[in-house]
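# Breakdown of the fold
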Amino acid sequence: KRVAVGTRQSEATNSEDLHTAYKNWVLGNDLLVQKIAGLIMGFVNEGKSVLILVDEKEHGEKISEKITQEHGYVIGGSKDNERLIRRFNERDLKILIGTSVIGEGADCPVVDVLINLMGGTNPKQENGRALRNDTDPETGIPRKPTCLIIDFDFPMSPVLHRHSKMRQRIHQECGPVHRLKLI
């Protein structure tokens, strides 16, 4: 299914500049936010837990505003981060949004669906939030060796499309992948 996506008119849509492309196609894309919010609610209605990773605090806020169910939002400097991650891992919260704060060291072993909106070329750290093959030694919670990974691809942006292909190779090593195409 293809969805038409608008961009800011002041900047080229096919720019090789990663910052410009990411700002136009991902951060400034209200259709993407709506699509992601719809996917989140659909998965939650199926009883799945969803982790959404974003690069920018404002991007997470936009998504958070569209979600109608209780959820956590983990950002730098928040005293609630550990409590929210714990509630998510206890399945008290079905939805957790996070910036890079949910990076190295944060473990979310109950994730059924990981939505990666961070971009880049090497999502191993992001995938590691959800994918483990053992039991957590501290909590005793069995970790999940698989989860559904949702990523973005914008074929009309050469730099984002190239990065998406690189991420897809790494995702394929980790488990089933749903490739979300928005053009």
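Now for a look at the structure at hand. (Residues numbered from 1 in each chain as written. Predicted model: local features only at pLDDT ≥ 70, side-chain atom pairs only at ≥ 80, totals over all residues. Heavy atoms only, no water.)

Between two packed helices, the angle of one axis relative to the other and the distance separating the axes together describe the packing. Relative to each other, helix α2 (residues 30–45) and helix α3 (residues 57–66) sit at 50°, their axes nearing to 9 Å. When the axis of α2 is compared with that of α3, the two are oblique. In the packing of α2 onto α3, the handedness of the crossing is right-handed. For the pair formed by α2 and α3, the contact residues are D30, V33, Q34, I36, A37 and I40 on the first element and H59, K62, I63 and K66 on the second. By residue class, the composition of the contact of α2 with α3 is five nonpolar, two polar and three charged. (Axes fitted to C-alpha atoms, helices over the stretch in contact; angles between N-to-C directions. Helix = DSSP H or I, 4+ residues; strand = E, 2+ residues; numbered from the N terminus. Parallel < 35°, antiparallel > 145°, perpendicular 65-115°, else oblique. Left-handed = near helix turned anticlockwise from the far one by under 90°. Contact = heavy atoms within 4.5 Å. Nonpolar A, V, L, I, M, F, W, Y, C, P; charged D, E, K, R; others polar.)

Core analysis: the biggest nonpolar cluster contains 30 residues, and I40, I52, I63, I115 and L117 have the highest contact counts within it. Of all the secondary structure elements, the ones that give two or more residues to this core are α1 (18–27), α2, β1 (50–54), β3 (95–98), β4 (113–117), β5 (148–153) and α6 (158–174). At eight residues, α2 tops the list of elements feeding residues into this core. Setting aside anything within four residues of it in sequence, one finds I63 in contact with V33, I36, I40, I52, V54, I97 and L117. If you look at the next biggest cluster of nonpolar residues, it comprises 16 residues, including L84, I85, V110 and L114. (Core = buried A, V, L, I, M, F, W, Y, C linked by side-chain atoms within 4.5 Å. Buried < 20%, exposed > 50% of the residue type's maximum accessible area, 1.4 Å probe, protein only.)

Looking now at the environment of D112. Turning to its location among the elements, D112 is positioned in the loop between β3 and β4. A polar contact is formed between the side chain of D112 and the backbone nitrogen of S49, at a distance of 2.8 Å. (Polar contact = N/O pair within 3.5 Å; in protein donor to acceptor, adjacent residues only side chain to side chain.)

Now for the pairing of β5. Consecutive side chains along a regular strand alternate between the two faces of the sheet. Of all six residues that make up β5, five are buried, and the element is covered over most of its length. In this structure, β4 lies alongside β5, joined through three bridges in parallel fashion. Pairing of V113 across the sheet is with L148, part of β5. (Pairing = 2+ DSSP bridges.)

Right, let's get into the pairing of β4. Here β4 lies mainly inside the structure; five of its five residues are buried. Examined bridge by bridge, β1 and β4 share five bridges and lie parallel to one another. Each residue of the ladder has a partner; that of L53, found in β4, is N116.

This brings us to the packing of aromatic side chains. Tallied over the full model, the rule gives three aromatic pairs. Ring plane angle 40° and centroid distance 5.4 Å describe the contact between W25 and F154, whose orientation is recorded as tilted. Of this pair, W25 sits in helix α1 while F154 sits in the loop between β5 and α6, and the two are 129 residues apart along the sequence. Both residues of the pair, W25 and F154, count as buried. Residues F152 and F154 carry aromatic rings whose centres are separated by 5.7 Å and whose planes lie at 45° to one another, so their mutual orientation is tilted. Three or more aromatic residues joined by ring pairs form one cluster here, namely Y22, W25, F152 and F154. (Phe/Tyr/Trp six-rings, centres within 6.5 Å; stacked < 30°, edge-to-face > 60°.)

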